Amino acid sequence: MKKIISILLVVVLSLPVLAGCKGEEAKTEGSTAGQEERVLRIAAQPYPLYTPVYVAYEKGYLKEELDKVGVSFDWQEFQSGPLVNEAVAAGEADMGFMADLPAILAKSTGQPIEIVSNVAYGEKGLAVLVKSDSSIKSVAELKGKKVAYATGSYAQHLLALLLDQEGLSLDDVESINLGAGDQPAALANGEVDAIVIWEQYISKLTSDGTAKVLADGTGIKRGNMVTYFLTDYAKANPDVVEAYIKALNRADELLASDPDEAAKLTAEDFGVDTELMRKIIDNFSYSTELTAEDIEEITKVKDFSLEAGIIASDVDMNQFINTQYLEAVKNEEK
């Protein structure tokens, strides 16, 4: 009996330890006994806005680059940027990727975070939708109507910008706080008059005839998706931040050279077929680089949000956007 128990213990202890909902190994290849294991806890969002991160995951780039610096990762998925912020604030994640506004909101409330890279941008990746048979023909006609969006998301910023162009504000519509996953049913059932939503929902709802685009971000909102890290984590683990950026750079190269493969890799992650995913990919530009244009756009979002009362405290952009990790990767790859 003792011999059987000993064998069972050996078998159990030899099994890999799993972390995250996608089952990544928590133990890092090459780690030695007695060394403290490093783990990167990633707060993810399953939307095509972040296709490079999902390509990096599905293709194995993320694991490969993190393995090189002796780090495992834990992957958790959330349905919006504000929910990612909550996880980071609660000490459950070290980093997140999200749209510009929720990142700014987190920083304005005092969260010790910094943007370390861009992920993507796309003016058509966010839109106001109404039912396909709706009588609403313009943003101005949303006055007094029920409009659903995720409060604190970049959808709120687009709506505020569109209303501002018509001499209106968020106070002129009846705002309904709904997550992206709940908005399609609310629109289809007539519970709301319009929704402000992002991809993959835009393409799904317009292609199946449920909805039509009333307005998108074209000419009004660049729609930057960014990655932020806890500042202390990044300072203590610069090699981890750089490994993450390298993984995304490899994903960006695949998206540029073989978007068909990228679509096949990620379609299931976003609940769409490969053909629709291939079309969605064309609605975005993918790059980790934070250009002067990107920084200017993110700053504009911050300024507008402060003026409109979406955020209560100003944000020092010099303390918020840190390009040193991007520069380190660029110098290494020269």
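Quick caveat, the model's predicted, so the values are computed rather than measured. (Residues numbered from 1 in each chain as written. Predicted model: local features only at pLDDT ≥ 70, side-chain atom pairs only at ≥ 80, totals over all residues. Heavy atoms only, no water.)

### Focus: the overall build of the protein chain
Looking only at helices and strands, the protein chain features 15 helices and 13 strands. Burial analysis of the protein chain (334 residues in total) assigns 53% to the buried set. In the protein chain, once contacts between residues fewer than 6 apart in sequence are set aside, the share between residues at least 24 apart is 81%. Just so you have it, the protein chain exposes about 14,900 Å², and 49% of that area is on carbon and sulfur atoms. (Helix = DSSP H or I, 4+ residues; strand = E, 2+ residues; numbered from the N terminus. Buried < 20%, exposed > 50% of the residue type's maximum accessible area, 1.4 Å probe, protein only. Contact = heavy atoms within 4.5 Å. Areas by Shrake-Rupley, 256 points an atom, 1.4 Å probe, with all protein chains shown as cover.)

### Here's the deal with the pattern of salt bridges
The final tally for this structure, using the stated rule, is 17 salt bridges. We note a salt bridge from Lys246 to Glu332, for which the minimum N-O separation is 2.7 Å. Placement of the pair is Lys246 in helix H10 (residues 238-257) and Glu332 in helix H15 (residues 324-333), with a sequence separation of 86 residues. Judged by its relative accessible area of 18%, Lys246 falls in the buried class. Ionic contacts of the salt-bridge type, sharing partners, join the residues Glu64, Glu65, Lys68 and Arg250 into one network. (Salt bridge = Lys/Arg side-chain N within 4 Å of Asp/Glu carboxyl O.)

### Some points on the sheet that holds strand S4 (residues 71-77)
With mixed pairing, the 6 strands of this open sheet are ordered in space as S4-S3-S5-S12-S6-S13. Each of the sheet's edge strands pairs with one partner strand only, and the pair in question is S4 and strand S13 (285-286). Examined bridge by bridge, strand S6 (residues 113-121) and S13 share 2 bridges and lie antiparallel to one another. When the sheet's bridge partners are listed, Tyr121 is paired in S13 with Ser285. (Pairing = 2+ DSSP bridges.)

### Let's talk about the nonpolar core
Leu40, Tyr50, Trp75, Phe97, Leu142, Trp198 and Tyr244 are the most contacted members of the largest nonpolar core, which totals 117 residues. Here this core gets 10 residues from one element, more than from any other, and that element is H10. Beyond its immediate chain neighbours, meaning those up to four positions away, Tyr244 contacts Val53, Leu62, Met95, Phe97, Ser117, Val119, Thr227 and Phe229. (Core = buried A, V, L, I, M, F, W, Y, C linked by side-chain atoms within 4.5 Å.)

### Quick word on the confidence of the model for the protein chain
Predicted confidence across the protein chain gives a mean pLDDT of 90, with 90% of residues reaching 70 or more. Confidence drops under a pLDDT of 50 for residues 1-35, and excluding neighbours within four residues, the segment shows 37 contacts in the predicted structure. (pLDDT = per-residue confidence, 0-100.)

### A word on unusual backbone geometry
Backbone torsion omega between Glu199 and Gln200 reads 15 degrees, so that peptide bond is classified as cis. Assignment of secondary structure puts Gln200 in the loop between strand S10 (194-198) and helix H8 (201-207).

### Examining the pairing of strand S5 (residues 95-99)
Side chains on a regular strand alternate between the two faces of the sheet. Among the 5 residues in S5, 5 count as buried, and that is most of the element. Sheet topology note: the strand S3 (residues 38-44)/S5 ladder contains 2 bridges and is parallel. Looking at the pairing, Ile42 lines up with Met95 of S5. Looking at chain direction, S5 and strand S12 (residues 224-230) are connected through 5 bridges and run antiparallel. Within the sheet, the bridge partner assigned to Phe97 lies in S12 and is Thr227.

### Brief notes about the packing of aromatic side chains
One pass over the structure, following the stated rule, counts 13 aromatic pairs. Judged by centre distance (6.0 Å) and plane angle (85 degrees), the rings of Tyr57 and Phe73 are edge-to-face. Here Phe73 lies in strand S4 and Tyr57 lies in helix H2 (residues 51-59), a separation of 16 residues in the sequence. In this structure, Tyr57 and Phe73 share a single accessibility class: buried. A cation over an aromatic ring shows up here: Arg222 above the ring of Tyr121, its NZ or CZ 3.6 Å from the ring centre. (Phe/Tyr/Trp six-rings, centres within 6.5 Å; stacked < 30°, edge-to-face > 60°. Lys NZ or Arg CZ within 6 Å of the ring centre and 35° of its normal.)

### Some remarks on the sheet that holds strand S8 (residues 146-149)
Taken in spatial order, the 5 strands of this open sheet run S9-S8-S10-S7-S11, and their pairing is mixed. Unpaired on one side and paired on the other, strand S9 (174-177) and strand S11 (211-216) mark the two borders of the sheet. Sheet twist, expressed as the average angle between the axes of neighbouring strands with direction ignored, equals 30 degrees. Here strand S7 (residues 126-131) runs beside S11; their pairing, made up of 5 bridges, is antiparallel. Directly across from Val128, in S11, lies its bridge partner Ala215. (Axes fitted to C-alpha atoms, helices over the stretch in contact; angles between N-to-C directions.)

### So, helix H11 (residues 259-266)
Among all positions in H11, only Pro259, Ala262, Ala263 and Thr266 are buried. Taken down its axis, H11 places every buried residue within 100 degrees of arc, on the same side. (Arc of directions from axis to C-beta.)

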